[in-house]
Amino acid sequence: MAAGKTPKKAVEKPSVFESYRTKRGKMFVGRIEDALDHTAVRRLEGKVNLLLTSPPFPLVRKKRYGNLTGEEYLAWLEELAPRLAKLLAEDGSIVIEIGNAWEAGRPEMSTLPLEALLTFKKAANLHLCQHLICHNPARLPGPAAWVTVKRVRLKDSYTHVWWLSKTADPKADNRRVLLPYGKDMKALLRTKQYNAGRRPSGHVISDTGFLKNNGGSIAPNVIDLEAAQHVPSSLLKFSNTAWDARYRAYCKKHRLEAHPARMQTTLAAFFMQFLTDDNDLVFDPFGGSNTTGAVAEEMGRRWVVVESSVDYAEGSRGRFEQIQ
Ligand SMILES: C[S@@+](CC[C@H](N)C(=O)[O-])C[C@H]1O[C@@H](n2cnc3c(N)ncnc32)[C@H](O)[C@@H]1O
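What counts and how
- Residues take numbers from 1 onward in each chain, read along the sequence in its written order.
- The model is predicted, so local features are restricted to residues of pLDDT at least 70 and side-chain atom pairs to those at 80 or more, both for listing and for counting; the totals for chains, interfaces and linings are taken over all residues.
- Among buried residues, those of type Ala, Val, Leu, Ile, Met, Phe, Trp, Tyr and Cys that are joined through C-beta atoms within 7 Å form a set called a nonpolar core.
- The burial label depends on the number of other C-beta atoms within 10 Å of a residue's C-beta. Counts of 20 or more mean buried, 12 or fewer mean exposed, and intermediate counts mean partly exposed, with C-beta atoms placed from the backbone.
- Note on conventions: DSSP H or I runs of at least 4 residues are helices, E runs of at least 2 residues are strands, and numbering of each starts at the N terminus.
- Each residue is represented by a C-beta atom placed from its backbone, and any two residues with such atoms within 7 Å are regarded as in contact.
- Pairing between strands requires that DSSP locate at least two bridges from one strand to the other.
- Note on geometry: axes are C-alpha line fits, over the in-contact stretch for helices, and angles between N-to-C directions span 0 to 180 degrees.
- Working rule for contacts: place C-beta from the backbone, and if it is within 6 Å of a molecule or strand, that residue counts as near it.
- Residue polarity follows a fixed list, in which Ala, Val, Leu, Ile, Met, Phe, Trp, Tyr, Cys and Pro are nonpolar, Asp, Glu, Lys and Arg are charged, and the others, Gly among them, are polar.
- Given a helix with a known number of residues, its expected span is that number minus one, times 1.5 Å.
- In this description, the arc belongs to the directions extending from the helix axis to the C-beta atoms.

Q: Residues and numbers for the nonpolar core, please.
A: Formed by 66 residues in total, the largest nonpolar core has its most connected members in Leu 50, Leu 51, Phe 271 and Met 272. With eight residues, helix H9 (residues 265-275) is the largest single contributor of residues to this core. Excluding anything up to four places from it in sequence, Leu 51 contacts Leu 84, Leu 87, Leu 88, Ile 94 and Phe 283.

Q: Go over the sheet that holds strand S11 (residues 302-307) with me, naming the residues and quoting the values.
A: An order of S1-S2-S11-S10-S3-S4-S6-S5-S9 is seen for the nine strands of this open sheet, with the pairing classed as mixed. Looking at the sheet topology across the chains shown, the edges are occupied by strand S1 (17-21) and strand S9 (222-224). The mean angle between the axes of side-by-side strands here comes to 20°, regardless of whether they run parallel or antiparallel. Alignment of strand S4 (residues 88-99) against strand S6 (residues 158-165), held across seven bridges, turns out to be antiparallel. The partner of Ile 94 across the bridge, within S6, is Leu 164. On top of the sheet, helix H5 (residues 112-123) reaches S4, strand S5 (127-135) and S6; it is set at about 170° to S4, its chief contact. With respect to the sheet, helix H10 (residues 291-298) is in contact with strand S2 (25-29), strand S3 (48-53), strand S10 (281-284) and S11, its orientation differing from that of S11 by roughly 170°.

Q: Talk me through the site of the ligand; I want residue IDs and the actual numbers.
A: Around the ligand, a shell composed of 20 residues is seen, among which Met 263, Phe 286, Gly 288, Ser 289 and Thr 291 lie nearest. Mapped by element, the contributors of at least two residues to the shell around the ligand are helix H1 (32-35) and S11. In terms of residue class, the shell around the ligand is made up of nine nonpolar, seven polar and four charged.

Q: Can you tell me about H5, naming the residues and giving the values?
A: Under the 1.5 Å per step criterion, the end-to-end length of H5 is 16 Å for twelve residues, consistent within 8% with the ideal 16 Å. All buried positions along H5 are accounted for by Leu 112, Pro 113, Ala 116, Leu 117 and Phe 120. The buried residues of H5 all sit within an arc of 140° when viewed along its axis, so they share a single face.

Right, here's the structure in full:
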């Protein structure tokens, strides 16, 4: 080396860094385990109104993100759960979506998704407000070996959604996610005629109980995102595939792989509308293509999202019109 020249120091990339920010939110790249120690995330402790996420799953992780087995996965979740719960506001909620999984090589369902949810709940000492099913009838038949080839199992078409919270009574209002009334209810409200009295179930229907127009029917705990009558009218715009088209076009243009396991936009919108107010803070520790941030931005919520893959975070820029 020439005299007087000092060797160049290798610039170490921080394990967590801000990838981009928008008017309402910030996207961080890094593993959530590290991000939870980052000042920007620690500042959120006790402030998150909704933690909405679909975590990586061991079968997927095996292929893409490492080699965690079922036991290791549960141990990893067990350690992470209380750290994530610490971010939650007193009346905040955690909503976790997790799909079904199958044992390798045989037509048997894995109990791991349920064990994972239970582990998370117990480790963070949370309340289970409700277990919902997110039904997606448009899903392709699978697992193929048992459903379409051997034809010994039915099409797997739903995911589990667990709604958890610190207290048994977190902020929520089902009037914000009312579904359009069906044909019969509309007719009833028009004609004001129905049979009152005791039903075989034992329920007593009063003379006027069904005559009040409450603006829509109460959403059930099975959410069917394909059927317009299962989506609150105010959220119908999120079922519009234009949402995803913009993201996919951006990824294509920048030669990035579109995320293979994106959360349904309508599902994210449903829970934000149900469980948060304007300007509330939404957090996703496993952001992927940043469905959570994009929906939060559109709905006037603040958001912070963490994703370990630089490429997925890069692709997620395509979900926003304006990045600051
Ligand atoms: C099921 S995907 C989430 C998809 C996302 N909800 C969406 O709509 O695109 C899980 C994501 O977690 C990321 N991930 C895996 N391990 C992680 C970790 N330790 N910290 C942060 N992100 C992680 C993966 O890269 C993957 O994108």
